Amino acid sequence: MIRLFFSFCLAGCLALAGVAQTPLIQGYAAPGTTSYDASVPTPFEVLGYSIGERHTRPDEVVRYFEAVAAASDRVTLAQHGRTYGHRPLIHATVTSSTNHARLESIRHANLRLSDDPNGVSDGEMSGMPAVVYLGYSVHGNEASGTEAAVLTIYHLAAGQGEAVDDVLHNAVVIIDPMLNPDGRDRFTDWANNYRSPPAPTQDQQDREHNEGWPGGRTNHYFFDLNRDWLPAQFPESQGRLEVYHNWRPQYFADFHEMGSEATFFFQPGIPSRTNPNTPDENQRLAGAIAEHHAAAFDDVGQLYYSEESFDDFYYGKGSTYPDVNGAVGILFEQASSRALERSTSYGTLTYATTVRNQFMASLSSLEGVLANREALLRFQRDTYRDAPNVARRADAEGYVVAIERYPQRAAELVSTLGRHRIHTFELARSIEVDDIRFEPGEAFVVPLDQPQAQLIKAMFEEVTTFEDSLFYDVSAWTFPYAFGLAYAELSNINGLQGQRLDGTEQPISGRQASYAYVMPWGHYYAPRALYRLQDAGIMTRLSNEAFEASVGGARRSFERGAIIIPVQQVNVDQETVHRLVEEVRAEDGIEVVALSTGLTPGGPDLGGSSSRTLEKPSVAILSGEGTSSYRVGEAWHLLSQRMHIPASLIEKNDVGRLDLSRYTTIVAGGLWGMEEADKEALLSWVREGGTFVATGQAAGWASENGFLEAEQDEPEPDSTRIPYADQDEASGAQQIGGAIFEIDLDITHPLGFGHPNRVAVFKTNTLFFENVVPTGNDVGVYTTDPLLSGYISDENLERLGGKSAIMAARQGRGRVVLMDFDPSFRAFWYGTDGLLLNAVFFGGTF
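Since the model is a prediction, treat every value here as computed from it, not as a measurement. (Residues numbered from 1 in each chain as written. Predicted model: local features only at pLDDT ≥ 70, side-chain atom pairs only at ≥ 80, totals over all residues. Heavy atoms only, no water.)

**Focus: helix α17 (residues 526–535)**
For clarity, the threshold we go by: For each residue, the accessible area found with a 1.4 Å probe, counting protein chains only, is set against the maximum for its type, and the residue is called buried under 20%, exposed over 50%, and partly exposed in between. In this text, helices come from DSSP runs of H or I with a minimum length of four residues, and strands from runs of E with a minimum of two, each type numbered from the N-terminal end. Contact criterion: two residues are considered in contact whenever any of their non-hydrogen atoms come within 4.5 Å of each other.
Of all 10 residues making up α17, nine are buried, and the element is well covered by its neighbours. Listed as buried for α17 are A526, P527, R528, A529, L530, Y531, R532, L533 and Q534. Buried residues belonging to α17 abut β19 (516–519), β23 (563–566), α18 (574–587), α19 (629–642) and α24 (830–842). Just past α17, the residue G537 takes up positive phi, approximately 90°.

**Here we look at the sheet that holds strand β31 (residues 758–763)**
Note the following rule: Strands were regarded as paired on the criterion that DSSP finds at least two bridges between them. Angles here are taken between N-to-C directions and fall from 0 to 180 degrees, while the axes themselves are lines fitted to C-alpha atoms, restricted in helices to the stretch in contact.
Spatial strand order, β27-β26-β28-β29-β34-β33-β32-β30-β31: nine strands in an open sheet with mixed pairing. Of all strands in the sheet, those with a lone pairing partner are β27 (647–651) and β31, marking the two edges. The mean angle between the axes of side-by-side strands here comes to 25°, regardless of whether they run parallel or antiparallel. Across three bridges, the pairing between strand β26 (residues 619–623) and strand β28 (residues 665–668) is parallel. Paired with V619 across the bridge in β28 is T665. Across the face of the sheet, α19 comes into contact with β26, β27 and β28 while running at roughly 160° to β26.

**Examining the nonpolar core**
Note that soluble globular proteins tend to have their nonpolar side chains buried in a common cluster. What counts here: We call a set of buried Ala, Val, Leu, Ile, Met, Phe, Trp, Tyr and Cys residues a nonpolar core when their side-chain atoms join them within 4.5 Å.
Ranked by size, the top nonpolar core spans 132 residues in total, and within it M519 and I806 carry the most contacts. It is α24 that provides the largest number of residues to this core, a total of eight residues. Sequence-distant contacts of I806, that is, excluding residues within four places in its chain, are made with I743, L745, L751, N777, D778, V779, G780, L818, M819, F821 and L835.

**A word on unusual backbone geometry**
Glycine aside, the phi torsion of most residues is negative, and most peptide linkages are trans. Look at the link from W213 to P214: it is a cis peptide, with omega at 0°. When you line up the elements, P214 lands in the loop between α8 (181–193) and α9 (235–247). Cis rather than trans, the peptide bond between Q267 and P268 has omega equal to 20°. Its place among the elements puts P268 in the loop between β8 (264–266) and α10 (280–300). Phi is positive for A232, close to 50°, though the residue is something other than glycine. Note on A232: relative accessible area 0%, which makes it buried.

**Quick look at the sheet that holds β23**
The antiparallel open sheet is built from five strands, whose spatial order is β24-β19-β23-β20-β25. The open sheet terminates on both sides in strands that have one partner only, identified here as β24 (593–595) and β25 (611–613). Each adjacent strand pair in this sheet contributes to an overall mean axis angle of 30°, direction not counted. Both β19 and β24 contribute to a ladder of three bridges, which runs antiparallel. Looking at β24, one finds that A516 is bridged to L595. Sitting on the sheet, α18 touches β19, β23 and β24, and the angle it makes with β19 is about 20°.

**Here's the deal with the pattern of salt bridges**
Put simply, the rule reads: When a carboxyl oxygen of Asp or Glu lies within 4 Å of a side-chain nitrogen of Lys or Arg, that pair is called a salt bridge.
Across all of its chains, the model carries 44 salt bridges by this definition. Salt bridges sharing partners connect three or more residues here, namely R528, R532, R579, E583, E587 and D588.

**Quick notes on the packing of α19 against α24**
The condition is simple: Put simply, angles under 35 degrees are roughly parallel, angles over 145 are roughly antiparallel, angles from 65 to 115 are roughly perpendicular, and the rest are oblique. Residues are grouped as follows: Ala, Val, Leu, Ile, Met, Phe, Trp, Tyr, Cys and Pro are nonpolar; Asp, Glu, Lys and Arg are charged; all remaining types, including Gly, are polar.
Taken N-terminus to C-terminus, the directions of α19 and α24 make an angle of 80°; their axes are 11 Å apart at the nearest point. With respect to their mutual orientation, α19 and α24 come out roughly perpendicular. Residue-level contacts link A635, L638, L639 and R642 of α19 to Y830, D833, L836, L837 and V840 of α24. Its residues assigned to classes, the contact of α19 with α24 comprises seven nonpolar, no polar and two charged.

**A short note on a negative patch on the surface**
Quick note on the threshold: Only residues whose relative accessible area exceeds 30% and that form no salt bridge are eligible for patches; like-charged ones are grouped when within 9 Å, while nonpolar side chains (Val, Leu, Ile, Met, Phe, Trp, Tyr) are grouped when within 5 Å. What sets the accessible areas is the Shrake-Rupley method with a 1.4 Å probe; for residues, cover comes only from the shown protein chains. For the charge count, each Lys or Arg is scored as positive and each Asp or Glu as negative, with His and the chain ends excluded. Taken as the charge location is NZ of Lys, CZ of Arg, CG of Asp or CD of Glu.
On the surface, a cluster of negative charge is contributed by D395, D434, D435, E462 and E489. With respect to the helices and strands, the residue E462 is situated in the loop between α15 (453–460) and α16 (479–482).

**With respect to the confidence of the model for the protein chain**
Low-pLDDT portions of the prediction should not be read for the details of their coordinates. Cut-off, in case you're wondering: pLDDT gives the predictor's per-residue confidence on a scale running from 0 to 100.
On average, residues of the protein chain carry a pLDDT of 93, and 95% of them reach 70 or more. The model gives residues 1–23 a pLDDT under 50, and that stretch makes 65 contacts with residues more than four places away or in other chains.

**Looking at the packing of aromatic side chains**
The line we're drawing: Between 30 and 60 degrees the pair is tilted, below 30 it is stacked and above 60 it is edge-to-face, where a pair is any two Phe, Tyr or Trp rings, Trp via its six-membered ring, whose centres lie within 6.5 Å. Here, a charge over a ring means that NZ of Lys or CZ of Arg falls within 6 Å of the ring centre while also lying within 35 degrees of the ring normal.
Following the criterion strictly, the structure yields 46 aromatic pairs and no others. Residues Y84 and Y221 carry aromatic rings whose centres are separated by 4.9 Å and whose planes lie at 85° to one another, so their mutual orientation is edge-to-face. Of this pair, Y84 sits in the loop between β2 (75–82) and β3 (88–94) while Y221 sits in the loop between α8 and α9, placing them 137 residues apart in sequence. Under the relative-accessibility criterion, Y84 is labelled partly exposed at 23%. According to the relative accessible area criterion, Y221 is buried, its value standing at 6%. Among the aromatic side chains, those forming a connected cluster through ring pairs are F479, F483, Y524, Y525, F762, F825, F828, W829 and Y830. In this structure, R409 is placed above the aromatic ring of Y406, and the distance from its NZ or CZ to the ring centre is 3.9 Å.

**As for the environment of K616**
So the rule is basically this: Two N or O atoms form a polar contact when they lie within 3.5 Å of each other; inside protein one atom must be a possible hydrogen donor and the other a possible acceptor, and for residues adjacent in sequence the pair counts only when both atoms belong to side chains.
With respect to the helices, strands and loops of the structure, K616 is situated in the loop between β25 and β26. Distance in space between the C-alpha atoms of K616 and F841 is 7.5 Å, their sequence separation being 225 residues. Not counting chain neighbours up to four residues away, the residues in contact with K616 comprise Y531, Q534, D535 and T664. Side-chain polar atoms of K616 contact the side chain of D535, separated by 2.9 Å.

In structure tokens form, the structure reads like this:
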């Protein structure tokens, strides 16, 4: 049900007992609060300004939380990690002093709801506090949430009165004030630096209202942390998940902002777009709690709505992840002022108003949880009681996942599953499923019959039919495909479970070579190892043909792409070669095989023409206005953070003025246009020997601008008359918001080295490339029936089969590589990271 009311700004200030006329926020008087304890410092006393008067920096937020924790016996403060920018990730635990004295027993009792659900009676739950997690501003430039967190901790730490006492006695409240400190730091610096405090401007064209690229939405590497709850690839998410599962709250509130012309949204979202794995009771409780939000906003006349615009489908968001963990997640979206004041169609929207609304939603959340406390506790317990039934009702009893070819990817998947309390086990005996042979020591098992059965099902299932054709985010995320691992459903798991795994790999060791070392290609961190050697001045060679070598008296096969490392070097002594090879084994976890001769019993010898010397890559990434910060960040994170390869972010609009000769490779992700002079400079650099790699939407731009001749297939015009009210839905149904497709990869091409011939790719666009000529330039082609999981319209699926996915060609003395998908999507598509890295290391070899 959608309910709409209008909001008028409130004036004046609230007189606080013991605090001299300090405004809380726009005169808003929290219901059931009589006064505030003067011994707890107000935000003004610590920060020197009232909340809503400026944008509070991350360090100021930490300073205030520390001050409150030092002054109040209701609050403890802990750090659960650091960001890539080395900023602390903090959370406060707020409850009564009596509850604090027995906090560990409360926590353990709460964990029993999911660990031992059959052992918890209704009577026990009647006396249990609810656990509430309030998470603010995961998007750093949606800043009002964090300001509300400051008010919320002050209110709960200093507030006196029945309403506050009720919360403190009946709940443990975890306040996570900044889910994204790095992004917030970028945004607050921008907003505060371009402000005129005496006379703030409401002009939307003013610089304060228009932050520069990349903006503060994302983390240090430009990733949207509100899509990382399931992948859990970043320190912010990993630390947060540790806190989450250490407590396992019944309610999680996720505070966001949206466009300035909107009002205020709270869930439930669009009913038809709720994930089918979500229990009905979850949505019923979300609706019951929504009544408390509505009542709070009714009291001040604030316009709001629910059940439209946003959905509960993708479990990787803060408001949906709890839904599959026996809890209720609620998304709040406040119209953003961006600056201190903003002119809108319904009047002036102030930053203080946005903060007030988020603060009100914080309090209405607590009120709603208390009113539904026993129902929330019962829902969590019953969700986990039902886990064995979920497993029994499923089509499979579990899953088996191959390790053998890609142990590092498998270890990363095991670690990721472990962050969600999902247990994995060694495969106890050989088994063949769907013509795939899985062997002990080379595969692991994920049984469905465990507490996280519902989540396992959601992470492993392949879904191709949907109730709705529109998605707020991606429509698929099947994890074995993301990690590039072969897997199969198990109809019977009896006798297949071995010892439990922990995600750690066995250490790699090896002999010292007298002639050369060979490093097989395809291990996830092999590119990091190769760069480590190249950066030390070691000459390395790429084998373009498969060969056999004598190893320990036996013949061993090496596939195309093997890296040959001669012991005798021109510029590096042998001891350095041996030492660095040991570092590669120990630190990169890569097998490096020692050889005593360059003669091979099968295939070309090591020094023949089939191998060639590799050049150490020097990489630049096109960035800045007119590029997608998401796609830039994906390439930057992969190269810099994971592979330890320096990557220069160069301004797309400065290309014509830069010295491009210092780069061997330039990567472009999302790219929207380029000035003619800059484009010609980039083309000239390619023709002179550079390698240009364009992925996703940038591949479309490159094909349209002469970098590689690849014709795009356009859909046939549809003359069907569509009513105006249905046009958005009809158009949206033809989009690919994010789905998984299979490509046939030419593994004889250097871009395909180290990969299987069938690869799962993640595609988020409607680019469709006709097969490129001449023959051989189509390195990857979509299979005739390419959909593995996710939504695509029938018309687009028919068009996609057989189309080119990866294209490569010479351009003068240089090379151009196009991929119509995002190979490093959200930093968890491990299975195709190697395709981008092959383009970086081997792009100049074909």
